[in-house]
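Tertiary structure, described
The primary structure of each chain is shown beneath.
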Amino acid sequence: MSRRPTLPDFIEEELLRVPMTLDAVIDAVVDSWRQRLPPHRAVDGDPARVLRQHGAELIQTAQRSLRESTQADLQAAASAGADGSPGLGLSGVPGLMRAATPAGPGQPDLSLIDEDDVAVDIEIVRCTQAIKQVAEAELRDLHTYTAALVHDLNVARDTNPFGPERFVRALWRGVQRLPLGRAVQVAFMHEAARPLSQALRKAYAAASQRLQGQGVVPAAYRTIVFGGGTAWGADLARQRPGDEPTPAQPSLAARAAAAGGRMPGTPVLSSHLPMAHAASPGAAATAAALGGPPAQAAQTAELLARLFDALQQERGLAPPSRALLARLQPSLLRLAKTDTTLLAAYDHAAWRFMDQLAFDIECTAPVLLARQLALCAGLVDHLAAEQPISGASFTWAIVRLAAARRHGLEQALEVAMPQIDRLHRMARHPASAASGAAPLDVGTLDTVPADLLPEPDRPAPAAGAFGLLQAATPGTHLRCHLQGRWRHLMALWFDPDSELLLLQEPASGRLWALRENAMLRLLAEALARPLRVRSLVRRAADRLLNSG
């Protein structure tokens, strides 16, 4: 009777099959390039011939990269099992990292990103998503078998050692071994997306069949769902593009009238949201404190309680934000006694303060979080003690938050000033005018101007991309895909003369300098987007309306 395979057995067997998969990809790219060569320099010679001659080096490097990353996972799993922590969970190889410029003592690291770097990121993401789309079903099946190998019966973790992103990054490491310019290497990744997707689809299916033949019983899916959407970047950000009210959007009162057939003018949601239960004793006591007609006061108190309950269910809301927002409920109950507009519009000062408070906490650097929480807690305590409370009280609190943001931006600019001066010198250096992007292409000795990239790889920026770039004023927070991962960044400085944009990563303090064209490229490819304050009360109201 044959021995049941283990995950290391599976890895070793699949590593032996990697050359066959990559051979098929190289053959497809060579055939395509023989019909139409990518834009290249004279020193590159014939890219198709060079690829054929050095294909073995590409395969060996990619195979070695896969072996190193899978062995690292096995060692991590063994260490985790020894100390009793959770078992194997594969996260992929580290992101593609460019050399950072050495910073002086006490200065943050500065990473310089040009359009060539962005082109690499774009092609890696495109190739990864293509595999996920084409081989979606095969990936799902294989995950059930690899989960069974590590006894993850609910498929609660990613246990596939040869996932799309890991395979693509291993391929990119192999492509970098080719004696070709960066533009041709990027063109290879672009051309390889389709054949690699098809080859991995067959490889995944064959791997599942082999494991089944070896007696492995697949696990059952419970938690992991792989989508086949065309959007490149999954929306992983806690903060999402803003949904703040605009004149074109219906107000709370208008929606209340439309949904409940009532005339505008009454408190918004209390006029039409279904009241599943009678007012609770606590709400009744609060209603007595509110004053006014008992029925209306009870309804308003119950509605606010339900709104705050729905708000606490907001996805991605940080625990400190939940606690502070919950402490604001009594203040809003007192406000509702004298301010009938509280439930008449999403842009009431009280709601805007809550939205801004949650956003500022989410965007604060970890080292500054304690100070930010102390400020927010102080404002909440002040509002709780305010007598009488009004919309002006919350407007004052909003101004205090804005002052704190300005102070934080000034501090960040002060820390980054040496690097800003350095960027000024680099942009105005005589070599900069002669070599174009050379000073900003750190760690790369063999690059080509971005103008030589194939036209299909360089889509024209969307009409709104320039507007978004102009909107990236100092203090603006953005979500960008740089060097293999999504990052939360804050714009610090933009120089229109040198077309340089400096951003800070609050989580690490790291600085990123991007050419304007590189940022426009990211915006056009939906790999960068500004983060705006979301309307928490609108989302809570929608949740109540949908549940009712």
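Residues numbered from 1 in each chain as written. Predicted model: local features only at pLDDT ≥ 70, side-chain atom pairs only at ≥ 80, totals over all residues. Heavy atoms only, no water.

Quick word on the overall build of the protein
Heads up, the condition is: Secondary structure counts use DSSP, requiring at least four H or I residues in a row for a helix and at least two E residues in a row for a strand, with both numbered from the N terminus. Categorising residues by exposure relies on relative accessible area from a 1.4 Å probe, with only protein chains included: less than 20% of the type maximum marks a residue as buried, more than 50% marks it as exposed, and the intermediate range marks it as partly exposed. Every residue pair with non-hydrogen atoms within 4.5 Å of one another is taken to be in contact. In this description, accessible areas are obtained by the Shrake-Rupley approach with a 1.4 Å probe, and a residue is regarded as covered only by the protein chains that are shown.
Tallying secondary structure elements over the protein gives 19 helices and six strands in all. Looking at the protein as a whole, 49% of its 548 residues are labelled buried. Once local pairs closer than 6 in sequence are excluded, the contacts in the protein between residues at least 24 apart make up 75%. Roughly 24900 Å² of accessible area belongs to the protein as shown, and the carbon and sulfur atoms make up 56% of that amount.

Thoughts on the sheet that holds strand 6 (residues 528-531)
The cut-off we apply is this: In this scheme, strands are said to pair when DSSP sees at least two bridges between them. As a rule, the C-alpha atoms of each element are fitted with a line to give its axis, helices using only the stretch in contact, and angles between N-to-C directions run from 0 to 180 degrees.
One open sheet holds the six strands; their spatial order is 1-5-4-3-2-6, and the pairing between them is mixed. Here the strands that pair on one side only, and so sit at the sheet edges, are strand 1 (110-113) and strand 6. Averaged over all pairs of adjacent strands, the angle between strand axes in this sheet comes to 35°, irrespective of strand direction. Where strand 2 (residues 477-482) and strand 6 come together, four bridges link them in antiparallel fashion. Along strand 6, the bridge assignment pairs Arg-479 with Arg-529. Helix 18 (residues 516-524) contacts strand 1, strand 2, strand 3 (485-495), strand 4 (500-505), strand 5 (510-515) and strand 6 of the sheet and is inclined by roughly 90° relative to strand 5.

A closer look at the pattern of salt bridges
Rule in force here: Put simply, a salt bridge is a Lys or Arg side-chain nitrogen that is within 4 Å of an Asp or Glu carboxyl oxygen.
Summed over all chains, the structure comprises 17 salt bridges. For the salt bridge of Glu-12 with Arg-67, the shortest nitrogen-to-oxygen distance reads 3.1 Å. With Glu-12 in helix 1 (residues 7-35) and Arg-67 in helix 3 (residues 55-83), this pair connects stretches of sequence that are 55 residues apart. By relative accessible area, which is 33% here, Glu-12 ends up partly exposed. Shared partners join several salt bridges into a network, and the residues in it are Glu-13, Glu-14, Arg-17 and Arg-210.

Focus: the nonpolar core
Quick note on the threshold: Only buried residues count toward a nonpolar core. Its members are Ala, Val, Leu, Ile, Met, Phe, Trp, Tyr and Cys residues joined through side-chain atoms within 4.5 Å.
Of all hydrophobic cores here, the largest spans 55 residues; its most connected members are Leu-51, Leu-58, Leu-171, Phe-188 and Leu-196. When residues of this core are traced back to their parent elements, those giving at least two are helix 1, helix 2 (47-53), helix 3, helix 4 (115-134), helix 5 (136-149), helix 6 (164-175) and helix 7 (182-213). At 13 residues, helix 7 tops the list of elements feeding residues into this core. Once residues within four sequence positions are removed from consideration, Leu-196 is found in contact with Val-25, Cys-127, Ile-131, Phe-167, Val-168 and Leu-171. One finds Phe-308, Tyr-346, Phe-353 and Leu-544 within the second-largest nonpolar core, a separate group that totals 41 residues.

Examining unusual backbone geometry
Keep in mind that most residues, glycine aside, have a negative phi and that most peptide bonds are trans. In this structure, the amide linkage connecting Gln-387 to the following residue, Pro-388, adopts the cis form with an omega of -10°. With respect to the helices and strands, the residue Pro-388 is situated in the loop between helix 14 (369-385) and helix 15 (391-427). The backbone of Ala-526 sits at a positive phi, close to 60°, despite the residue not being glycine. On the secondary structure map, Ala-526 appears in the loop between helix 18 and strand 6.

A short note on the confidence of the model for the protein
For clarity, the cut-off: Every residue is assigned a pLDDT by the predictor, reflecting its confidence on a scale from 0 to 100.
Predicted confidence across the protein gives a mean pLDDT of 76, with 72% of residues reaching 70 or more. pLDDT under 50 marks residues 223-291. Its contacts with residues more than four places away, or in other chains, come to 128 contacts. Predicted confidence for residues 432-464 stays below pLDDT 50, and this span has 63 contacts to residues more than four positions away or in other chains.

A few points about the packing of helix 14 against helix 15
For clarity, the cut-off: Roughly parallel here means an angle under 35 degrees, roughly antiparallel means over 145, roughly perpendicular means 65 to 115, and every remaining angle is called oblique. Note on convention: the crossing is left-handed when the near helix lies turned anticlockwise from the far helix by less than a right angle, right-handed when the turn is clockwise.
The geometry of helix 14 relative to helix 15 is characterised by a closest axis approach of 10 Å and an angle of 165° between their N-to-C directions. Accordingly, the angle class assigned to the pair helix 14 and helix 15 is roughly antiparallel. Taken as a pair, helix 14 and helix 15 cross one another with a handedness that is right-handed. Contacts between helix 14 and helix 15 involve Arg-371, Gln-372, Leu-375, Cys-376, Leu-379, His-382 and Leu-383 from the first element and Ser-393, Phe-394, Trp-396, Ala-397, Arg-400, Leu-401, Ala-404 and Gln-411 from the second.

Remarks on helix 19 (residues 536-547)
To keep things clear, this is the line we draw: Given the number of residues in a helix, its expected span is that number minus one, multiplied by 1.5 Å.
Relative to the 16 Å expected for twelve residues at 1.5 Å per residue, helix 19 spans 17 Å between its end C-alpha atoms, a close match to the ideal helical length. Every buried residue of helix 19 is accounted for by Leu-536, Val-537, Arg-538, Ala-540, Ala-541 and Leu-544.

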